[in-house]
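So the chains spell out like this:
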Amino acid sequence: MVETSTPGATESAATTTRAASANASEASQSASEQKRRKCSGTPLEEKEVAQGLETLCPSWKVVGGNLSMEKSFVAKNFVKAMAWINAAAEAAEELNHHPDFHLTSYRNVKVVLQTHSAQALTAVDLELAQKLDAIPTEYSPKFLRENPHVRVVSAAVETADEVA
Ligand SMILES: C[C@H](O)[C@H](O)[C@H]1CNC2=NC(N)=NC(=O)C2=N1
């Protein structure tokens, strides 16, 4: 049987493939560009940070002259502390925005946020802080007594869990 191919068919198929792969690489470039832009956001003014903090757990405080923010808590035990840190790591990875974690005396957790590429606080720090506040944990009873506000945050999360 004589093979017949329409003249130019292979060329147009190759062009289509090239165009498709160009679009795909453009799409992936813009996605990683978006990620990079998100992480290298514009430094927030002090009043913007203050406004952002109003929507967050009161444990957050700005340190280093508006250049980073941190919150600390005492978990019930080492396993609860590590579980929280690992859940926080998942949230950070999803945003491609990574805090500094400090775990001392087996259950004292401190998380520090800053946008390294901007050497300042940016919107993505506030976004991640909000997600970290939503991660439930069990606190040391003494810490809860001294910081009843965290119960409200965790209670809100528990309620949400109950409803969901
Ligand atoms: C290449 C990668 O997207 C960047 O290095 C991300 C990774 N995680 C990050 N995390 C934080 N906190 N700040 C950044 O600027 C940052 N940049």
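Reading the values: rules and limits
Residues numbered from 1 in each chain as written. Predicted model: local features only at pLDDT ≥ 70, side-chain atom pairs only at ≥ 80, totals over all residues. Heavy atoms only, no water. UniProt positions renumbered as here; feature names shortened; annotations may be inferred. Core = buried A, V, L, I, M, F, W, Y, C linked by side-chain atoms within 4.5 Å. Buried < 20%, exposed > 50% of the residue type's maximum accessible area, 1.4 Å probe, protein only. Helix = DSSP H or I, 4+ residues; strand = E, 2+ residues; numbered from the N terminus. Contact = heavy atoms within 4.5 Å. Near = heavy atom within 4 Å. Polar contact = N/O pair within 3.5 Å; in protein donor to acceptor, adjacent residues only side chain to side chain. Areas by Shrake-Rupley, 256 points an atom, 1.4 Å probe, with all protein chains shown as cover.

- Naming follows an unreviewed UniProt entry, where the protein chain appears as 4a-hydroxytetrahydrobiopterin dehydratase of Hondaea fermentalgiana.
- Word for word, the UniProt comment on the protein chain under Catalytic activity (unreviewed entry) is "(4aS,6R)-4a-hydroxy-L-erythro-5,6,7,8-tetrahydrobiopterin = (6R)-L-erythro-6,7-dihydrobiopterin + H2O".
- Per UniProt, the comment on the protein chain under Sequence similarities (unreviewed entry) is "Belongs to the pterin-4-alpha-carbinolamine dehydratase family."

**Overview of the nonpolar core**
Phase 1: Ranked by internal contacts, the top residues of the largest apolar core, which has 31 residues, are Leu56, Trp60, Met69, Phe73, Trp84, Leu128 and Leu132.
Phase 2: Of all elements in the fold, only α2 (46-54), β2 (68-74), α3 (78-95), β4 (108-113), α4 (123-133) and α5 (141-146) reach the threshold of two or more residues within this core.
Phase 3: Per element, the largest residue contribution to this core is seven residues, and it comes from α3.
Phase 4: Those residues in contact with leucine 128, other than ones at most four positions away along the chain, are Ala91, Ala92, Leu95, His97, Pro99 and Leu113.

**Brief notes about the site of the ligand**
Phase 1: The immediate surroundings of the ligand are formed by eight residues, with Asn96, His98, Gln114, His116 and Ser117 found nearest.
Phase 2: At 3.0 Å from a nitrogen atom of the ligand is found a main-chain nitrogen or oxygen belonging to histidine 116.
Phase 3: At 3.0 Å from an oxygen atom of the ligand is found a main-chain nitrogen or oxygen belonging to serine 117.
Phase 4: Isolated, the ligand exposes 390 Å² of accessible area, and the fraction of that covered by the protein chains is 65%.

**Concerning the environment of glutamate 93**
Phase 1: Summarising the element assignment, glutamate 93 is placed in helix α3.
Phase 2: As for glutamate 93 and threonine 104, which are separated by eleven residues in sequence, their C-alpha atoms are 23 Å apart.

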